[in-house]
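Below, each chain spelled out in residue letters.
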Amino acid sequence: MITEIYCVSGISGMKDHVFISSGENVRLSCNNALSDCKSKTTWTYNRFRHPAAVALIELGIKNKDTEKHERLSLESDCSLNIKKVTEEDYGLYRCRQFVNGQKPGPDVFLHVLHVSVSPTSSSSSSSSSSSQTEISPGRSVTLSCQLYSYTGFSCDYWVSSEGVELLWVNQAGVDLKTDSRYQILSSSDQYHCIITLTTTLLNEDNNREWRCRLTHRNQLKTSVRYTVKYSDPGETEVSVTAGSLYRVIVSIVEIAVFAAPTVILLQIICARRAGEF
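No experiment lies behind these values; they were computed from the predicted model shown.

*Asks:* Go over unusual backbone geometry, please, and point to the residues and values.
*Replies:* Its identity is not glycine, yet Cys78 carries a phi of approximately 70°, on the positive side. If you trace the backbone, Cys78 turns up in the loop between β7 (72–74) and β8 (80–82). In this structure Cys78 comes out as buried when scored by relative accessible area, which is 0%. For Lys84, which is not a glycine, the phi torsion comes out positive at approximately 45°. For Lys84, a relative accessible area of 60% gives the class exposed.

*Asks:* If you had to explain the packing of aromatic side chains to someone new, which residues and values would you point to?
*Replies:* If you walk through the whole model with that rule in mind, you get three aromatic pairs. Both rings, one in Tyr90 and one in Tyr148, keep their centres 5.7 Å apart while their planes meet at 45°; by these two values the pair is tilted. Taken as a pair, Tyr90 in the loop between β8 and β9 (91–98) and Tyr148 in strand β12 (residues 140–148) lie far apart in primary sequence, 58 residues in all. Assigned by exposure class, Tyr90 and Tyr148 land together as buried. For the pair Tyr182 and Trp210, a centre-to-centre distance of 5.9 Å together with 85° between the ring planes defines the contact as edge-to-face. Of the two residues, Tyr182 is situated in the loop between β13 (164–169) and β14 (183–189) and Trp210 in strand β16 (residues 209–216); the sequence distance between them amounts to 28 residues. The exposure class of Tyr182 is buried, given its relative accessible area of 9%. Taking relative accessible area as the criterion, Trp210 reaches 0% and is therefore assigned buried. Looking at Lys68, its charged tip hangs above the ring of Tyr45, at a distance of 3.8 Å from the centre.

*Asks:* Quick one: what's the story with the pattern of salt bridges, residue by residue and with numbers?
*Replies:* In total, this model carries ten salt bridges according to the counting rule given. Across the salt bridge formed by Arg217 and Glu162, the nearest N and O atoms sit 3.0 Å from each other. Placement of Arg217 in the loop between β16 and β17 (219–228) and of Glu162 in helix α1 (residues 155–162) is noted, with a sequence separation of 55 residues between them. Since its relative accessible area comes to 7%, Glu162 is described here as buried. Between Asp205 and Arg181 there is a salt bridge, with the nearest N and O atoms lying 2.7 Å from each other. One end of the pair, Asp205, is in the loop between β15 (192–200) and β16; the other, Arg181, is in the loop between β13 and β14, with 24 residues separating them in the sequence. Asp205 gets classed as buried once you look at its relative accessible area, which sits at 0%. On the accessibility criterion, Arg181 (23% relative accessible area) is partly exposed. Taken together, the salt bridges that share partners define one network made up of Lys68, Arg71 and Asp89.

Calculation notes
Residues numbered from 1 in each chain as written. Predicted model: local features only at pLDDT ≥ 70, side-chain atom pairs only at ≥ 80, totals over all residues. Heavy atoms only, no water. Helix = DSSP H or I, 4+ residues; strand = E, 2+ residues; numbered from the N terminus. Buried < 20%, exposed > 50% of the residue type's maximum accessible area, 1.4 Å probe, protein only. Phe/Tyr/Trp six-rings, centres within 6.5 Å; stacked < 30°, edge-to-face > 60°. Lys NZ or Arg CZ within 6 Å of the ring centre and 35° of its normal. Salt bridge = Lys/Arg side-chain N within 4 Å of Asp/Glu carboxyl O.

Shown next, in the form of structure tokens:
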């Protein structure tokens, strides 16, 4: 299923901005006006501080030398599909069509929202929009939500000038800044916006869901869900109890085996003494 894309036109005089969460599918439009566009369409990709463009689709043919080629497909209207978006997919995507020369399509800036967890565990999967980690109550956990952005503008610019905001909320959508058990910190890493949530896990946090939401001028654009799941403590208790019971039974049997000859000998001695009298 391809997730609906959220475009913001006109930011900083640019064209389309698409916000998506990692793990989801996205479709980038080419605004095609051709009846048969595939053989005439090229999609290129740029990453910030990497000026050389990489051809993803060239005249309708997919470039198999790119790491993401297996997740790419070209639609009949020449939109570019990307499956299971990762934080590495953020960047500038350009659609160009060649009919009697080059016909420029839109420049699409793809911004990816991604959550990672610390400490990590073997069952943690932070590349998904609904990730889980098996950790235990009493431990401290930090969730880091980061907006990977291509444009080169600072996080302060996005927040102050464009009204972009990252929030940690609970399942009911309530801002977790209002709850004293959570430490919420906002920061930036070069040109990326980051918001972290730190808390000590409680017993009742099993299956609890937290969400990192991205809003633009108070409108929700995308969000990432994170669910904490504990291993079943009942299974451990049962296995321990069963093991203890087994050891008790073995001990009783051992005592019975070693005690039986002694009991028989005492019975024989008592019988002989009774006969003497």
